[in-house]
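# Per-entry structural report
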Amino acid sequence: MRTIPITQQGLHVMTKPIGPICNLDCEYCYYLHKEDLYGERKSWRMSEETLDSYIRQYIDAQPDDVPEVTFAWQGGEPTLLGTEFFQRAVEIQKEHAGSRKIINTIQTNGVLLNEEWCEFLKANDFLVGISIDGPAELHDRYRYDKQGLPTFQKVLDGLKLLKKYEVEFNVLVVVNRHNGDHAKRVYTYLRDTGVDFMQFIPIVEKRGVGVHAELPLASDQLRTFAYDDRVSSRSVGPDQYGRFLIEVFDEWLRRDVGKVFVQQFEEALTAWMGYESGICIFRKQCGRALAMEHNGDVYSCDHFVEPEYKLGNIYELPIVEMACSDQQVKFGTDKETTLPKYCQQCEVRFICNGECPKNRFIETPDGEAGLNYLCESYKAFFNHIDPVMKRMAETVKGGGLAAHVMHQINDERRGRQIQEQGSVSQTPSRNDPCPCGSGKKFKRCCSRR
Ligand code: SF4
Ligand code: SF4
C-alpha cells in the first residue's frame, strides 16, 4: 500500500511550496492561520532557487542505504501553483537523483484537479492524497470555499478524474464531531465510490491553540454530544473516534480485507506482527518528519510550525544538520520519555505509544499530566481488534493472506447462525443471500469455501 508517509525510514520533509495559502476555508484547518507567522507577503510561491536548494539538500540528507526519496508536497493547497511548478520540481529532482528512485506525493483538496493536472500526475507517477469527509451532507459541514460555498461536488469530480486517468490516490478523511457518528456511511460511501485506500485522521483542536472561529453547534450535535470545553466543538469526541474506527473495522472485516486498505488497520497489523509502525504517531519516538515552509524555514513537525520549533533555514544550515540537531533529537525522544506511567503500563502501548504529543493534554486517572485526549478511543479500538489482529498476524507470518482470516470468521459466523437456527436444513439455497452478510449470493460467497 502506498500512503502519504510520515515515516522514520530515512528523513522526511513535508514541504509547503505555497505556505498556508489555500483556495478553501475549511473550518477545522490547522494550517490557514500560519499566515500570521509570516505577515503580509507579495508572494507565497517558493522561488526556483529555494526549490533547487531544497531538492538537492533533501536528496543528499538521506542515508546511503535508502534507495528511494519521497517528496511530500502539502499546503495550503499546492495545486494553486499550477503544473508548471511541479514540472520544474521533477526536472530538478532528475538532475540530482543519481541512482535513487524519486517518489512524489501531493496532498490536495481536489477542487482544482482537471484533465491537465491528471495527465501530469499520471505521467510523473505522483501519489495523490485527496481530502473527503464522506458523502456531501457530511463533507460540506466543515469543508467550504472562501465564499462559504460547499465543495463536495468539485472534490468528487476531481476524484473521478483521478480514476479516469488511473492516477494512484488515497483518500484522507478527517474524523470530526459531525461525521464521527456516521462511520459506516462514510466508509461504505467511499468504498462504493471506488476508493481502495483510506486514512481516517482525527481532528483534535485544543482550545486556545490557533483554533479558527467556531460556528454554532447544529441542533443535532447539541442533543448528541456532551460539550467538552477542552477542545473546539468541531473536534472528535474522546471516545467517538474509537467508536468510528471500530464500526469501520467491523464493516471492513465483513467483506473488504485484501480489497480495501485502511491505513490504521495496516499499521495495526504491522504492530501485531511485532514490527514498529511506519507512521510517526504510533512509533515510540518521532522527529524524523520535518516541515519546510515556502521560504526554506524548517520546523520540527508539520503540527509544530511555531517559532519555538523552528530549526533554521536551508540557506543557513543544511537540512541534515537541522534534522540531527540536539533540539530535534530531543523533540523526537520526548515522545517516549514523557509518556505517563499509565501509558507505560497499558496493554496496547506496543501499538499506541501514546499517539501524537500534540494531543497529550489531559490527565491520567491518577492525575498525571500528558495523557492523550484520544486515549479512550485508542484503548477501545485496539482492544476491539486484538483477537482478529492476532489471527491475521499469525496467518501472514505463516505465509497466508489476511483475507483468509476474514473468510474463516465469516464461516464461523455462518456456522453459529446455522446452529442457532437449530438445523442444517436452514442452509441457504445457492441463490439466497449469503448469511455472512456480504450482500453476495450464497453460491458466490461462503458456499465456495
Ligand atoms: S509530533 Fe506528532 S505528528 Fe509530529 S512527528 Fe511527532 S508524532 Fe508525528
Ligand atoms: S491507549 Fe491510552 S494509555 Fe494506552 S498507550 Fe494509548 S494513550 Fe496511553
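Residues numbered from 1 in each chain as written. Chains lettered and ligands numbered in written order. Predicted model: local features only at pLDDT ≥ 70, side-chain atom pairs only at ≥ 80, totals over all residues.

This paragraph deals with the overall build of the protein chain. In terms of regular secondary structure, the protein chain is built from 16 helices and twelve strands. The C-alpha radius of gyration computed for the protein chain amounts to 23 Å, which stays within 12% of the reference 22 Å derived for 449 residues, consistent with globular compactness. Overall size of the protein chain, expressed as C-alpha extent along the three principal axes, is 75 × 55 × 50 Å. Buried positions account for 43% of the 449 residues belonging to the protein chain. Considering only intrachain contacts with a sequence separation of at least 6, the fraction spanning at least 24 residues in the protein chain is 72%. (Helix = DSSP H or I, 4+ residues; strand = E, 2+ residues; numbered from the N terminus. Rg over C-alpha atoms; globule rule 2.2 N^0.38 Å. Buried ≥ 20, exposed ≤ 12 C-beta atoms within 10 Å, placed from the backbone. Contact = placed C-beta atoms within 7 Å.)

Before going further, it helps to spend a moment on helix α12 (residues 326–337). Within α12 the residues assigned to the buried category are Gln328, Phe331, Gly332 and Lys335. An end-on view of α12 places all buried positions within 85° of arc, on one side of the element. Looking at α12, the residues exposed on the side facing more than 90 degrees away from the buried face are Asp326, Lys330 and Thr337. Each element contacted by the buried residues of α12 is listed here: β10 (310–313) and α11 (319–323). (Arc of directions from axis to C-beta.)

Time to look at the environment of Thr108. Among the secondary structure elements, Thr108 is positioned in strand β3 (residues 101–108). We classify Thr108 as buried; it has 25 C-beta atoms within 10 Å. Sequence separation between Thr108 and Cys375 is 267 residues; the distance between their C-alpha atoms is 29 Å. Look past the residues within four positions of Thr108 in its chain and what remains in contact with it is Glu77, Pro78, Thr79, Leu113, Val128 and Ile130.

Right, let's get into the pairing of strand β2 (residues 68–73). Of all six residues making up β2, five are buried, and the element is well covered by its neighbours. Strand direction decides the pairing type here: strand β1 (residues 12–15) and β2, joined by two bridges, are parallel. Across the sheet, the residue bridging to Thr15 is Trp73, located in β2. Direction of pairing for β2 relative to β3: parallel, over a ladder of six bridges. For Trp73, the partnering residue across the bridge sits in β3 and is Ile106. Handedness of the β2-helix α3 (residues 82–96)-β3 crossover: right-handed. (Pairing = 2+ DSSP bridges. Right-handed = clockwise from strand over helix to strand, strands pointing away.)

Now for the site of ligand 1. Near ligand 1 you find eleven residues, and of these Cys280, Ile281, Cys286, Cys301 and Cys356 are the closest. Tallied by class, the residues present in the shell around ligand 1 amount to eight nonpolar, one polar and two charged. (Near = placed C-beta within 6 Å. Nonpolar A, V, L, I, M, F, W, Y, C, P; charged D, E, K, R; others polar.)

Running from N to C, helix α2 (residues 48–60) and α3 point in directions that differ by 40°, and their axes come no closer than 10 Å. The angle between the axes of α2 and α3 places the two elements in the oblique class. The two elements α2 and α3 meet at a crossing, and its hand is right-handed. Together, Glu48, Leu51, Asp52, Ile55, Arg56 and Ile59 of α2 and Arg88, Ala89, Ile92, Gln93 and His96 of α3 make up the contact between the two elements. For the contact of α2 with α3, the class distribution of residues is five nonpolar, two polar and four charged. (Axes fitted to C-alpha atoms, helices over the stretch in contact; angles between N-to-C directions. Parallel < 35°, antiparallel > 145°, perpendicular 65-115°, else oblique. Left-handed = near helix turned anticlockwise from the far one by under 90°.)

The next subject is the site of ligand 2. Residues in contact with ligand 2, as listed here, are Tyr342, Cys343, Cys346, Val348, Arg349, Cys352, Gly354, Glu355, Asn372, Cys375, Tyr378 and Lys379. At three residues, helix α15 (residues 375–397) tops the list of elements feeding residues into the shell around ligand 2. Of the residues contributing to the shell around ligand 2, the split by class is seven nonpolar, two polar and three charged.

Grouped together as the largest cluster of nonpolar side chains are 106 residues, with contacts concentrated most on Val128, Val171, Val173 and Leu290. Of the residues forming this core, the biggest block, nine residues, is contributed by α15. Excluding its chain neighbours within four sequence positions, the residues that come into contact with Val171 are Ile130, Ile132, Leu190, Val195, Phe197 and Met198. (Core = buried A, V, L, I, M, F, W, Y, C linked by C-beta atoms within 7 Å.)

An ideal rise of 1.5 Å per residue puts 22 Å on 16 residues; helix α9 (residues 240–255) measures up with 24 Å between its terminal C-alpha atoms. Listed in full, the buried residues belonging to α9 are Gln240, Tyr241, Gly242, Phe244, Leu245, Val248 and Phe249. For α9, the elements touching its buried residues are β5 (168–175), α7 (183–192), β6 (197–202), β7 (261–262), α10 (263–272) and α15. (Expected span 1.5 Å × (residues − 1).)

With respect to the secondary-structure elements, Gln328 resides in helix α12. Separated by 27 residues in sequence, Gln328 and Cys301 place their C-alpha atoms 9.5 Å apart. Apart from residues no more than four positions distant in its own chain, Gln328 is found in contact with Gly287, Ser300, Leu311, Met322 and Ala323.

A few words on unusual backbone geometry. Of note, the bond from Gly75 into Gly76 is cis; its omega dihedral lies within 30 degrees of zero at 10°. The residue Gly76 is located in the loop between β2 and α3 in this model. Even without a glycine there, the phi angle at Asn353 is positive, about 50°. Looking at the element boundaries, Asn353 is found in the loop between α14 (349–352) and β11 (362–363). By the C-beta count within 10 Å, which is 25 here, Asn353 ends up buried.

Further remarks concern the environment of Arg360. With respect to the secondary-structure elements, Arg360 resides in the loop between α14 and β11. On a C-alpha basis, the gap between Arg360 and Ser277 in space is 19 Å, while along the polypeptide they are 83 residues apart.

This paragraph deals with the packing of α15 against helix α16 (residues 402–421). Between α15 and α16, whose axes approach to 8 Å, the crossing angle comes to 130°. Overall, the two elements α15 and α16 adopt an arrangement that is oblique. Judged by the sense of rotation from one axis to the other, the crossing of α15 with α16 is right-handed. Side by side, α15 and α16 meet where Val388, Arg391, Met392, Thr395 and Val396 of the first sit next to Ala402, His404 and Val405 of the second.

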